[in-house]
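Per-entry structural report
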Amino acid sequence: MKYGPKKILGISMLIGSIFTILIVPSAQLGFGVLMTCRFLIGLAHGMMWPAVSAMFIKWAPPFEKSRIIGFATSGANIGNVIALPLGGFLCGLEDGWKLMFYLFGFLGILWFVLFVCLTADSPLEHRFISSEEKSFVITHTCEDFTYRIPWMSIFTSKPSIAIFIAHLCHNWGNYMFLTQLPSFMKDVLRFDIKSNGLFSSIPYISCWMCAMISSVISDKLIISGTISKSSIRKIFNGIGLIVPMIAVLLLSMVTCANPYMGVVLLAFGVGFLGCNSGAGFQVNINEIGGDFSGILFGISNTFATISGIVSPYIVGVLTPDSTQHEWQHVFYLTAVIYLFGAIVYILFSKASIEKWAKNCN
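Residues numbered from 1 in each chain as written. Predicted model: local features only at pLDDT ≥ 70, side-chain atom pairs only at ≥ 80, totals over all residues. Heavy atoms only, no water.

A tally of regular secondary structure across the protein chain gives 17 helices and zero strands. For 361 residues, the compact-globule estimate of 2.2 N^0.38 gives 21 Å, and the C-alpha radius of gyration of the protein chain, at 21 Å, lies within 12% of that figure. Structurally, the protein chain occupies a C-alpha span of about 55 × 45 × 35 Å along its principal axes. Residues classed as buried in the protein chain amount to 48% of the 361 residues present. Sequence-distant contacts in the protein chain: of pairs separated by 6 or more residues, those separated by 24 or more amount to 80%. Counting only carbon and sulfur atoms, one obtains 70% of the accessible surface of the protein chain, whose full area is about 17,000 Å². A gap of 6 Å separates the mean positions of the 22 positive and 17 negative side-chain charges of the protein chain. (Helix = DSSP H or I, 4+ residues; strand = E, 2+ residues; numbered from the N terminus. Rg over C-alpha atoms; globule rule 2.2 N^0.38 Å. Buried < 20%, exposed > 50% of the residue type's maximum accessible area, 1.4 Å probe, protein only. Contact = heavy atoms within 4.5 Å. Areas by Shrake-Rupley, 256 points an atom, 1.4 Å probe, with all protein chains shown as cover. Lys, Arg positive; Asp, Glu negative; His and termini not counted. Charge placed at Lys NZ, Arg CZ, Asp CG, Glu CD.)

Moving on: the pattern of salt bridges. Taken as a whole and judged by the stated rule, the model has four salt bridges. The salt bridge involving Lys-186 is made with Asp-187; its shortest N-O contact spans 2.8 Å. Given a relative accessible area of 48%, Lys-186 falls into the partly exposed group. A salt bridge links Lys-350 to Glu-354, with the shortest nitrogen-to-oxygen separation between them at 2.6 Å. Owing to a relative accessible area of 27%, Lys-350 belongs among the partly exposed residues under this scheme. (Salt bridge = Lys/Arg side-chain N within 4 Å of Asp/Glu carboxyl O.)

A few words now on empty space enclosed by the protein. The tally for this structure, following the rule as stated, stands at one cavity of 30 Å³ or more. In this model, the largest cavity occupies a volume close to 40 Å³. Lining of the largest cavity is provided by Trp-49, Val-52, Ser-53, Phe-56, Ile-69, Thr-73, Gln-282, Asn-286 and Phe-297. Sorting the residues of the lining of the largest cavity by element identifies α4 (48–59), α5 (65–73) and α15 (281–289) as the ones contributing at least two each. It is α4 that contributes the most residues to the lining of the largest cavity, four residues altogether. (1 Å grid on protein atoms, 1.4 Å probe; cavity = no way out; pocket = protein on both sides within 12 Å on 5 of 7 lines; lining within 4 Å. Points joined across faces, edges and corners; volume = space filled by probe spheres on them.)

With a phi close to 60°, Asp-95 is a non-glycine residue in the positive phi region. You can see Asp-95 is positioned in the loop between α6 (75–91) and α7 (96–118). Notably, Ser-322 is not glycine yet its phi reads approximately 55°, a positive angle.

The next subject is the environment of Ala-76. The topology assignment puts Ala-76 in helix α6. We classify Ala-76 as partly exposed; its relative accessible area is 38%. Expressed as a C-alpha distance, the spacing of Ala-76 and Phe-268, which sit 192 residues apart in the sequence, is 18 Å.

This part covers the side chain of Asn-286. In this structure, Asn-286 sits in helix α15. A polar side-chain atom of Asn-286 sits 3.2 Å from the main-chain carbonyl oxygen of Ser-53. Not counting residues up to four positions away in its chain, the partners in contact with Asn-286 are Ser-53, Phe-56, Ile-57, Lys-65, Ile-69 and Ser-293. (Polar contact = N/O pair within 3.5 Å; in protein donor to acceptor, adjacent residues only side chain to side chain.)

Moving on, we get to a nonpolar patch on the surface. Taken together, the side chains of Ile-149, Trp-151, Phe-155, Leu-168, Phe-303, Ile-306, Ile-309 and Val-310 present a nonpolar region at the surface, about 690 Å² in accessible area. Every element with two or more residues in the nonpolar patch is listed here: α9 (151–156) and α16 (293–318). Mapping Ile-149 onto the fold places it in the loop between α8 (131–139) and α9. On the basis of relative accessibility, which here comes to 31%, the residue Ile-149 falls in the partly exposed class. (Patch = residues over 30% accessible without salt bridge, like charges linked within 9 Å, V, L, I, M, F, W, Y side chains within 5 Å.)

Bringing the state of the cysteines into the picture now. Across all of its chains, the model carries zero disulfides by this definition. Residue Cys-207 stays outside any disulfide, its sulfur separated by 6.9 Å from that of Cys-210, the closest cysteine. The class for Cys-207 is buried, based on a relative accessible area of 5%. (Disulfide = S-S within 2.5 Å.)

This next bit is on the packing of α4 against α16. Two quantities define a packed helix pair, namely the angle between the helix axes and the distance between the axes. Running from N to C, α4 and α16 point in directions that differ by 155°, and their axes come no closer than 7 Å. Regarding the angle of α4 to α16, the classification is roughly antiparallel. When the axes of α4 and α16 are compared, the crossing they make is right-handed. On α16, the residues that touch Trp-49, Pro-50, Ser-53, Ala-54 and Ile-57 of α4 are Ser-293, Gly-294, Phe-297, Gly-298 and Asn-301. Residue classes in the contact of α4 with α16 are distributed as five nonpolar, five polar and no charged. (Axes fitted to C-alpha atoms, helices over the stretch in contact; angles between N-to-C directions. Parallel < 35°, antiparallel > 145°, perpendicular 65-115°, else oblique. Left-handed = near helix turned anticlockwise from the far one by under 90°. Nonpolar A, V, L, I, M, F, W, Y, C, P; charged D, E, K, R; others polar.)

Tallied over the full model, the rule gives nine aromatic pairs. On the basis of an interplanar angle of 85° and a centroid distance of 5.3 Å, the ring pair of Phe-184 and Phe-331 is categorised as edge-to-face. One end of the pair, Phe-184, is in helix α10 (residues 158–187); the other, Phe-331, is in helix α17 (residues 324–348), with 147 residues separating them in the sequence. As far as the burial class goes, Phe-184 and Phe-331 line up, both buried. Ring pairs connect the aromatic residues Phe-184, Trp-327 and Phe-331, which therefore count as one cluster. (Phe/Tyr/Trp six-rings, centres within 6.5 Å; stacked < 30°, edge-to-face > 60°.)

This is the structure in structure tokens:
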């Protein structure tokens, strides 16, 4: 390939980190400059997840795939666990919001330096891997090949469409909670800003735990051969959408009279979404896509990011006064979306490589 995933992932993080630091002066220059800066951060980070998925092609043997992908992608949840309470603390300080952007921007640059020094596109190019591990990984993963991208086959593949829809429905709740959870905590559950940051991080701790546990269980089931890989993906993705659906329906009944029950339900609602990344559609992308996994994830993530654009706007429209009754409509809508995603994925997904991707198996 012309540009390896390491280069794309590294550049994506570096550009995003630089513009994160520039958020502070951009905010002082005006709304238009700030929005341009935010747009460029999103543009840079749009390259990140497809590049991550492409790296798994060379580094994730089939019987370790759930654990490797689950462990790697769960880092996003750890970031939320750290950033939400830390952000709440810093925002309580004078000009603390500026420090928040400087801190995470410079940490991103530090990560970029370490990433460039310590990683490689494939085991063959890695400087520190043992010869035994190198031989093992190369034996059980894909080789490079020259190909034409089968765009029509990808877009008409039922398993691909099932992944796109599951990803879209997953991201609806994920982005909704990520962007609106602090508002719900403050306006409905009545937590102050510092408590808000702390309690807002709890659902992402549970999400990280669910991703870890589901990935380990999934790989053990695959190795045991007691259940088919397709059934494993359907079960875990079903759990990852149905349990959150039940949680948000119960959450619609919570008021400020029992705020800690709201935190518990949020832990279930956000937490079990981790099953999707640990053993559901996110792992499934690499199983059906072969060497096209990065491209498949890029397409899927493009569709799924529509949720990140639409869901905060819809929440704003449905909750003009931020009352508990208004939030009920948000949770009912989210429950319907979760249910739709679960049904489509269970009906049409599979875990074997697609014909159009069989250059690598």
